[in-house]
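Read off the chains here:
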Amino acid sequence: MKTTDPVARLDHAHVWHPFTQMRDWLRQEPVVLMRGRGARLWAADGREYLDANSSIWTNLHGHHHPRINRAITRQLAQVAHTSALGLASEPASRLAAELIAATRVRRPLPAVRKPALTKVFFSDDGSTAIETALKLTYEYARRTRGPDHKPRFLSMQGAYHGDTVGAVSVGHISLFHAAYKGLLFRTDAVMAPYCYRCPYNRARPERMDARLHRRCQWECVDQVARRLETARRADRPYAGFVFEPRIQGAAGMIPQPDGWLQRVAERVRDHGALLIADEVMTGCGRAGGPGILASQEEGVTPDLVALAKGLTGGYLPMAATLTTEAVFAAFLGEYGEFKTFFHGHSYTGNQLGAAAARASLELVMAPEGQRRRERLAGWLDEDLKTLWAHPQVGDIRRVGLVAGIELVRDWTKRTPFNLKEQAGIRVCAAMARRGVLTRPIGNVVALLPPYVTTRTELRKMVGALRDALCEVFGTVDS
Ligand SMILES: *Cc1c(COP(=O)(O)O)cnc(C)c1O
């Protein structure tokens, strides 16, 4: 189609959008975003929107936040970027120390044999933070088990860890990954809990709290244990287990029952594999808790942690891989031993990014920030409940400030829509017409409001979803 907006015309002429069928894209007038404040965004045509997925799960404290703005402009007056290859910088050094301190928040749960996180390797985004973790784990395993050892990884069914080749190798979403199979290294997938569609526990009453698990015998944990045991017997132990703590994001916003991670972490540690937590989405308070790691809500301190998306509050691309003294030490030696971690990026430790991240971290860690997140989570539960009345709502899931609403053809049988029907896409398009922006994951509508979302704005986000369901599937008679 011919677009009228001059920016939209340039976009249509030259920009290739991620995860987007460009033929569909070119048929529509795009929303051109110009300005933002808090949870609100304004488009070039003057329309106002609510950012109901925090700009693909990155934004934490709202747009145009005075504290983060100030941190960036202050840093800009000093220097924007210097290389971390052989050089130090103040923002990156301070940020590293503050991140480590933030992982030491005490939680009531007993910790699973706890290594302390002490070192931070900076990179640019979630995918590069995962690549770093994978390469560190791979080399750590070879150096501790011998150079003939072929390290292998275990990850969760439905996992998504980014789009670079290593991150795709530990991912298990065939829609995204099948085409590139020939390019990837082999990884094993193990059963991930998906309580709504649990093959073991069909007795759970419909439309009840997703955290109710009648008759659950932790069969999903047994599956992990069995997989580890098989690998051990074959004398091919895993070097690392990659997981998202508490809730899998791109898999479809699938929460793990409380206690799952703690149980699995114990077994993985007994097996001798490293725990690699992908906290790209869950970290920085998004999936709950006062600290920056959702893993710690389960009493688990991983050996490696990838942080990205919200690290800079959604301002700049920057990521961090946190790890332990033990992993760090495996790379120490005389220069000539060539134990150096030969890995890094041009923008590693970017000064502007680090300045933004420090300001964001301070907001995350402030007691008032935590209270605000808890209050917003409570409102979210209240509002989401109103969606159960709609017959196309099969399941409603929430962990922290991450919510997923799974749309189904028939809720009594949990029959999914065929992806080609674009149920999620159509509902999100109808929400956008009502001034609320989010993106679906298949048949799951994701809601991840910025932490500063007001009571009224949240009502509007969920209200738009309710109205969109009625528009797309027909109204509900009450
Ligand atoms: C988004 C995401 C990634 C990839 O991060 P990018 O910044 O897009 O490379 C990895 N893991 C998880 C859990 C994510 O949600």
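Residues numbered from 1 in each chain as written. Predicted model: local features only at pLDDT ≥ 70, side-chain atom pairs only at ≥ 80, totals over all residues. Heavy atoms only, no water.

Q: Just give me the short version of the overall build of the protein chain, but keep the residues and values in it.
A: Regarding its fold elements, the protein chain presents 15 helices and 18 strands. In terms of C-alpha radius of gyration, the protein chain reaches 22 Å, essentially the compact-globule figure of 23 Å for 478 residues. Projected onto the principal axes, the alpha-carbon positions of the protein chain cover approximately 70 × 60 × 45 Å. The proportion of buried residues among the 478 residues of the protein chain is 54%. The contacts of the protein chain with a sequence gap of at least 6 include a subset with a gap of at least 24, amounting to 72%. Within the structure as shown, the protein chain displays about 22,200 Å² of accessible surface, and the carbon and sulfur contribution to it stands at 54%. The protein chain carries 65 positive and 48 negative side-chain charges, and their two centres are separated by 1 Å. (Helix = DSSP H or I, 4+ residues; strand = E, 2+ residues; numbered from the N terminus. Rg over C-alpha atoms; globule rule 2.2 N^0.38 Å. Buried < 20%, exposed > 50% of the residue type's maximum accessible area, 1.4 Å probe, protein only. Contact = heavy atoms within 4.5 Å. Areas by Shrake-Rupley, 256 points an atom, 1.4 Å probe, with all protein chains shown as cover. Lys, Arg positive; Asp, Glu negative; His and termini not counted. Charge placed at Lys NZ, Arg CZ, Asp CG, Glu CD.)

Q: Please set out the packing of helix α4 (residues 66–76) against helix α12 (residues 351–365) residue by residue, giving values where relevant.
A: Across the interface, α4 lies against α12 with an axial gap of 8 Å and an inter-helix angle of 150°. The orientation of α4 with respect to α12, classified from their angle, is roughly antiparallel. Seen from above, α4 lies across α12 with right-handed handedness. Between α4 and α12, the residues in contact are Arg67, Ile68, Ala71, Ile72, Gln75 and Leu76 and Gln351, Leu352, Ala355, Ala356, Ala359, Ser360, Glu362 and Leu363, respectively. When the residues that make up the contact of α4 with α12 are grouped by side-chain class, the tally is nine nonpolar, three polar and two charged. (Axes fitted to C-alpha atoms, helices over the stretch in contact; angles between N-to-C directions. Parallel < 35°, antiparallel > 145°, perpendicular 65-115°, else oblique. Left-handed = near helix turned anticlockwise from the far one by under 90°. Nonpolar A, V, L, I, M, F, W, Y, C, P; charged D, E, K, R; others polar.)

Q: I'd love a proper account of the domain arrangement of the protein chain, names of residues and values included.
A: What the domain assignment reports for the protein chain is domain 1 (31–64 + 368–473) and domain 2 (74–365). Relative to domain 2, the C-alpha centre of domain 1 lies at a distance of 26 Å. Listed as interface residues are 42 residues of domain 1 and, on the opposing side, 36 residues of domain 2. Between domain 1 and domain 2, a total of about 3,300 Å² is buried, with carbon and sulfur atoms accounting for 54% of that surface. (Domains from an automatic or database assignment. Buried area = accessible area lost by both parts, 1.4 Å probe.)

Q: Break down the sheet that holds strand β16 (residues 436–437) for me, with residues and values.
A: What the four strands build is an open sheet, ordered β1-β2-β3-β16; its pairing is mixed. A single partner strand is all that each edge strand has here, and the edge strands are β1 (33–37) and β16. The sheet contact formed by β1 and strand β2 (residues 40–43) spans four bridges and is antiparallel. Bridge pairing in β2 links Arg37 to Arg40. Lying on the sheet, helix α15 (residues 455–473) is in contact with β2, β3 (48–51) and β16; it crosses β3 at an angle near 90°. (Pairing = 2+ DSSP bridges.)

Q: So, the site of the ligand: which residues are in play, and what are the values?
A: Around the ligand sit Trp57, Asp125, Gly126, Ser127, Tyr160, His161, Gly162, Glu244, Asp278, Val280, Met281 and Lys309, and that is every residue in its neighbourhood. Between the ligand and Ser127 there is a distance of 2.6 Å, counted from an oxygen atom to a side-chain nitrogen or oxygen. The contact in question runs from an oxygen atom of the ligand to an N or O atom on the side chain of Lys309, over 2.6 Å. Broken down by class, the residue content of the shell around the ligand amounts to four nonpolar, four polar and four charged. (Near = heavy atom within 4 Å. Polar contact = N/O pair within 3.5 Å; in protein donor to acceptor, adjacent residues only side chain to side chain.)

Q: Break down a nonpolar patch on the surface for me, citing the residues and quoting the values.
A: A grouping of Val165, Tyr180 and Leu183 is seen on the molecular surface, where their side chains present a nonpolar patch of about 310 Å² in accessible area. Inspection of the secondary structure puts Leu183 in the loop between α8 (174–177) and β6 (188–190). (Patch = residues over 30% accessible without salt bridge, like charges linked within 9 Å, V, L, I, M, F, W, Y side chains within 5 Å. Salt bridge = Lys/Arg side-chain N within 4 Å of Asp/Glu carboxyl O.)

Q: Can you break down helix α14 (residues 423–433) residue by residue, with the values?
A: When we look at burial in α14, the residues that qualify are Ala423, Gly424, Val427, Cys428, Ala430 and Met431. Buried positions in α14, seen along its axis, are confined to an arc of 155° and lie on one side of it. If you follow the buried residues of α14, they end up packed against β14 (402–410), β16, β17 (440–441), β18 (444–447) and α15. Looking one or two residues past α14, Gly435 carries a phi angle of roughly 85°, positive in sign. (Arc of directions from axis to C-beta.)

Q: I'd love a proper account of the layout of surface pockets, names of residues and values included.
A: Where empty space is left in the structure can be found by rolling a water-sized probe over the atoms. Of the voids in this model, the second largest pocket is the one considered here, and its volume is about 780 Å³. If you go around the second largest pocket, you meet 30 residues; those closest to its centre are Val120, Phe121, Phe122, Phe328 and Phe341. Of all the elements, strand β4 (residues 117–123) adds the most residues to the lining of the second largest pocket, at five residues. Counted by class, the lining of the second largest pocket contains 17 nonpolar, twelve polar and one charged residues. (1 Å grid on protein atoms, 1.4 Å probe; cavity = no way out; pocket = protein on both sides within 12 Å on 5 of 7 lines; lining within 4 Å. Points joined across faces, edges and corners; volume = space filled by probe spheres on them.)

Q: Lay out the nonpolar core with the relevant residues and their values.
A: Burial of nonpolar side chains together is a common tendency in soluble globular proteins. Grouped together as the largest cluster of nonpolar side chains are 78 residues, with contacts concentrated most on Leu99, Phe241, Trp260, Leu384, Leu387, Leu447 and Leu465. Sorting elements by how many residues they give to this core places α15 first, with seven residues. Mapping this core onto the domain boundaries places at least three of its residues in each of domain 1 (31–64 + 368–473) and domain 2 (74–365). Setting aside its immediate chain neighbours within four residues, Leu447 contacts Ala52, Leu384, Leu401, Val402, Ala403, Ile405, Met431, Val462 and Leu465. Membership of the second largest hydrophobic core comes to 21 residues, among which are Leu134, Ala167, Val170 and Ala330. (Core = buried A, V, L, I, M, F, W, Y, C linked by side-chain atoms within 4.5 Å.)

Q: Outline the sheet that holds strand β7 (residues 240–243), supporting the account with residue identities and numerical values.
A: The mixed open sheet is built from seven strands, whose spatial order is β4-β12-β11-β10-β7-β5-β6. Single-partner strands in this sheet number two, and they are β4 and β6. The mean angle between the axes of side-by-side strands here comes to 20°, regardless of whether they run parallel or antiparallel. Of the strand pairs in this sheet, strand β5 (residues 153–156) and β6 are connected by three bridges, and their pairing is parallel. What sits directly across from Leu154, in β6, is Asp188. Contacts between helix α5 (residues 90–102) and the sheet are confined to β4, β11 (304–307) and β12 (319–324), with β4 contributing the most and set at about 135° to the helix. Against the sheet, helix α9 (residues 219–233) touches β5 and β6, its axis set at about 150° to β6.

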